[in-house]
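# Descriptive structure summary
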Amino acid sequence: MYFSGPATRVYQHQIDERKKILELWVRRKRGNRKLECSGCGRKFAEAYDASERAVQDLPWSTLKTTVHIEIYRVKCRQCGVKIEKVPLLPGKAPFSKRFEDAVGQACESASARQVARQFGLPESTVRAIDRRFLERWAARRRKPALRQMGVDEIHLGKQRKFLTVVCNLETAEPLWFGRERKKETLDGFFQGELSARQRRGIEAACVDMWEPYRLSLEQWAPNCRIVYDKFHVMQHANKAIDEVRRAEFFRKGGPMRSLVKGKRWLLLSRWVNLTVGKRRELNQLFALNRKLFKAYLLKESLDRLWTYHYEGAMLNYLQRWIDQLRWQRLEPFQKLALMLLDHLDGILNYCRTKVRLGVVEAVNGNIKTLLRRGRGYKNLRYLLLKAQRMAATQTEFVVFQKAA
Ligand SMILES: [Zn+2]
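Predicted model, so just to flag it, every value in this text is computed and none were measured.

### Concerning the coordination of the zinc ion
The zinc ion binds to the protein through Cys37 (SG), Cys40 (SG), Cys76 (SG) and Cys79 (SG); the donor distances cover 2.3 to 2.4 Å. Each of the four donor atoms bound to the zinc ion contributes to angles spanning 102 to 116°, and the resulting shape is tetrahedral. Judged by relative accessible area, Cys37 falls into the buried class, the value being 1%.

### Focus on the packing of aromatic side chains
Under the criterion given, the structure shown has nine aromatic pairs. Here Phe286 and Tyr296 contribute two aromatic rings whose centre-to-centre distance is 5.3 Å and whose plane-to-plane angle is 40°, an arrangement assigned as tilted. Linking Phe286 in helix 10 (residues 276-288) with Tyr296 in helix 11 (residues 290-302), this pair joins segments that are 10 residues apart in sequence. Residue Phe286 is classed as buried on the basis of its relative accessible area, which comes to 4%.

### Looking at the packing of helix 7 (residues 230-251) against helix 11
In contact at an axis separation of 10 Å, helix 7 and helix 11 are set at 175° when each is read in the N-to-C sense. By the criterion of interaxial angle, the relationship of helix 7 to helix 11 is roughly antiparallel. Residues Val233, Met234, Ala237, Asn238, Ile241, Val244, Arg245 and Glu248 of helix 7 form the contact with helix 11, whose participating residues are Lys291, Leu292, Ala295, Tyr296, Lys299 and Leu302. In terms of residue class, the contact of helix 7 with helix 11 is built from nine nonpolar, one polar and four charged.

### Digging into the side chain of Glu248
As for its position among the elements, Glu248 is in helix 7. Residues in contact with Glu248, not counting those within four places in the same chain, are Asn289, Lys291 and Leu292.

### Structural notes on the pattern of salt bridges
Once their charged atoms are close, side chains differing in charge can pair, the charge on each being opposite to the other. Summed over the entire model, instances satisfying the criterion amount to 33 salt bridges. Between Arg141 and Glu173 there is a salt bridge, with its nearest N and O atoms 3.0 Å apart. Here Arg141 is found in the loop between helix 3 (123-140) and strand 8 (148-155), whereas its partner Glu173 is found in strand 10 (residues 173-179), with 32 residues between them in sequence. Arg214 is paired through a salt bridge with Glu211; the nearest N and O atoms lie 2.3 Å apart. Taken together, the positions of Arg214 and Glu211, both in helix 6 (residues 211-220) and three residues apart, correspond to about one turn of that helix. For Glu211, a relative accessible area of 37% gives the class partly exposed. Among the charged side chains, a salt-bridge network with shared partners connects Lys97, Glu100, Asp101, Arg132 and Arg136.

### Focus: the sheet that holds strand 10
Strand order across the open sheet formed by five strands is 10-9-8-11-12, with mixed pairing between neighbours. At either end of the open sheet lies a strand with only one pairing partner, and these are strand 10 and strand 12 (225-228). Going from strand to strand, the sheet's axes swing by 25° on average, the running direction of each strand aside. In terms of strand pairing, strand 9 (residues 162-168) meets strand 10 through six bridges, oriented antiparallel. Across the sheet, the residue bridging to Cys167 is Pro174, located in strand 10.

Calculation notes
Residues numbered from 1 in each chain as written. Predicted model: local features only at pLDDT ≥ 70, side-chain atom pairs only at ≥ 80, totals over all residues. Heavy atoms only, no water. Donors = N, O, S within 2.8 Å, 3.2 Å for Na, K, Ca; no water. Tetrahedral: all angles 85-135°; square planar, octahedral: opposite > 155°, others 65-115°. Buried < 20%, exposed > 50% of the residue type's maximum accessible area, 1.4 Å probe, protein only. Phe/Tyr/Trp six-rings, centres within 6.5 Å; stacked < 30°, edge-to-face > 60°. Helix = DSSP H or I, 4+ residues; strand = E, 2+ residues; numbered from the N terminus. Axes fitted to C-alpha atoms, helices over the stretch in contact; angles between N-to-C directions. Parallel < 35°, antiparallel > 145°, perpendicular 65-115°, else oblique. Contact = heavy atoms within 4.5 Å. Nonpolar A, V, L, I, M, F, W, Y, C, P; charged D, E, K, R; others polar. Salt bridge = Lys/Arg side-chain N within 4 Å of Asp/Glu carboxyl O. Pairing = 2+ DSSP bridges.

Structure (structure tokens):
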């Protein structure tokens with residue numbers, strides 16, 4: 001039986017067939033093992049007193065299992081009268097560690113609602129257990145040094161607005177969440193999470209071309225090179241093509257309007273990822289609208305900028321890309337070109353500091369998946385732990401690599 005074994009002994013049991021409940025009363029064999037204060041770890045030979053606690057353990061067959069366990073308290077010089085340390089009981093909650101681990105693991109691949117049904121618990125209890133499971137996991141793992149960081153923002157909706165996400169580019173793990181996307185937001189990460197030495201150790205940061213982040217990085221991470229990465233730049237290119245699409249939609253009437261309608265996703269997709277049928281759909285659209293065709297080509301070709309590894313070649317390619325804009329009257333892309341020129345140094349930094357592409361995007365995607373799946377993430381700490389665990393176990397990462 002679960003709580004029996006070398007250290008414990010079942011001295012009474014009871015089965016309620018109708019309610020499907022198994023109850024066990026166990027006593028731990030003390031032998032000459034000492035009791036340990038749960039506050040400071042000091043060992044004691046004598047117990048101060050004993051009491052009984054009922055905890056839910058893993059089910060036995062079809063029976064819900066409740067274990068009544070004897071718990072001792074010790075009289076500690078430092079902590080006063082304190083409960084002993086019981087490895088099987090992680091906290092004050094009426095669940096065994098094994099039970100909490102099982103619930104936490106189930107939460108990795110299913111929603112809290114599904115897990116709640118599976119274990120016959122309220123949804124809020126499942127979330128609380130999952131969070132404790134993740135906190136214990138986070139406490140015992142070592143954290144790699146931060147040399148390359150990613151900073152991204154996630155739009156949470158009209159009311160909650162933006163979330164700033166800091167991640168470790170080398171481990172592809174989210175490190176910190178902050179509300180909003182101001183300079184002060186990112187300042188909060190540097191001030192609250194890192195020592196001066198750790199801040200000096202940061203060599204590169206992949207960020208969006210967003211002034212507040214740049215200012216914060218320059219202030220706090222003096223050795224950090226800012227790299228405007230492909231993911232963030234291409235987001236702006238996607239925005240540009242979407243603007244062209246909308247302008248064409250409103251400019252043209254009748255049949256053109258219905259043709260452009262619903263093509264947003266297609267225009268934002270990479271050509272290589274489209275099926276034959278979808279390519280044909282796009283080609284039909286392009287045959288009728290040269291402007292959209294031109295815009296799509298520009299977006300697609302900008303993507304190749306990151307295939308260059310020499311500054312000169314990269315700069316050359318960008319120059320030729322900008323030259324293509326001449327006489328096109330594609331205003332959103334002209335704006336984009338100006339923005340790229342304004343941030344040229346950070347774009348070329350990709351050739352000077354090697355960073356992993358696609359990490360920020362993957363982290364971002366994982367968080368969005370979590371947000372979509374469960375509504376229980378009003379608590380940012382819980383969301384962060386969940387996303388960290390996801391990155392560490394790579395449960396969803398693969399999916400996003402495929403989509404990228
Ligand atoms: Zn103590």
